[in-house]
Amino acid sequence: MKIYIDKSSVVKSKKIGNNTSIWQNCVILENASIGSNCNICFSSFIENDVVIGNNVTIKNGVYLWDGITLQNNVFVGPNVTFTNDLYPRSKDHINPLKTLIKEGASLGANSTILCGIEIGKFSMIGAGSIVTKSIPDYALFLGSPAKFKYWIDSSGKELIKKNDSEYISVSRSEKYKLEGSILRKVL
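Residues numbered from 1 in each chain as written. Predicted model: local features only at pLDDT ≥ 70, side-chain atom pairs only at ≥ 80, totals over all residues. Heavy atoms only, no water.

## Regarding the sheet that holds strand β23 (residues 160-161)
Taken together, the 4 strands give an open sheet; going across it, the order is β23-β24-β25-β26, and neighbouring strands pair in antiparallel fashion. Looking at the sheet topology across the chains shown, the edges are occupied by β23 and β26 (182-186). As defined by bridge partners, strand β25 (residues 174-179) adjoins β26 across 5 bridges and the pair is classed as antiparallel. Directly across from Lys175, in β26, lies its bridge partner Val186. (Pairing = 2+ DSSP bridges. Helix = DSSP H or I, 4+ residues; strand = E, 2+ residues; numbered from the N terminus.)

In structure tokens:
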């Protein structure tokens, strides 16, 4: 098994997949689970009850608290902030709410993600945005608080509206169907 761990990092977990790199000054606690082919960049912190899938990139200065799951192919930009308590008080910490970042989602630099929400598959959060509620699949959200901008394909490009319920991706030759407020990729 090939894993790179910089000598300045403190890595207690043994649950780290092949071809994962952990760069300078990272701290990873004993029960954290990290998949294969991940890149954990400078000065990141990962608590015990954290699950990270395969092919995940976590850029500099990101702290992952108990209860966070990052599925496969997630990108977490530099200094993304995750919260772990909706009503924080010193020495009065309750069980953390679960936060799920689904497959292929991208979180822009300096965005803030409140705990207890889900970020949908292949969705994208703009840099500096504050996410206060769950985000659907294939959606771009921006601002403070983050608001829906438009639907995107699996590569992050804006979809073209064909009619009230159908969208197409020019860059990927993909088709999508809007059912209520849920966008689904058509196979």
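Continuing now.
## What to know about the sheet that holds strand β10 (residues 57-58)
With mixed pairing, 9 strands are arranged side by side in an open sheet as β1-β4-β7-β10-β13-β16-β19-β21-β22. Sheet topology places β1 (3-5) and β22 (147-151) at the edges, where each strand pairs with a single neighbour. Looking at chain direction, strand β7 (residues 39-40) and β10 are connected through 2 bridges and run parallel. Directly across from Ile40, in β10, lies its bridge partner Ile58.

## Structural notes on a nonpolar patch on the surface
Residues Leu86, Tyr87 and Leu97 make up a contiguous nonpolar surface patch of about 350 Å² in total accessible area. Relative to the assigned elements, Leu97 resides in the loop between β14 (81-82) and β15 (99-101). (Patch = residues over 30% accessible without salt bridge, like charges linked within 9 Å, V, L, I, M, F, W, Y side chains within 5 Å. Areas by Shrake-Rupley, 256 points an atom, 1.4 Å probe, with all protein chains shown as cover. Salt bridge = Lys/Arg side-chain N within 4 Å of Asp/Glu carboxyl O.)

## Here we look at the environment of Gly35
Mapped onto the elements, Gly35 comes out in the loop between β6 (33-34) and β7. For the pair Gly35 and Pro88, spaced 53 residues apart in sequence, the C-alpha to C-alpha distance is 30 Å.

## Thoughts on unusual backbone geometry
Backbone torsion omega between Ser144 and Pro145 reads -5 degrees, so that peptide bond is classified as cis. Position of Pro145 among the secondary structure elements: in the loop between β21 (139-142) and β22. The residue Ser173 is not glycine, and still its phi comes out positive at about 50 degrees. Note on placement: Ser173 falls in the loop between β24 (166-169) and β25. When its relative accessible area of 68% is taken as the criterion, Ser173 is described as exposed. (Buried < 20%, exposed > 50% of the residue type's maximum accessible area, 1.4 Å probe, protein only.)

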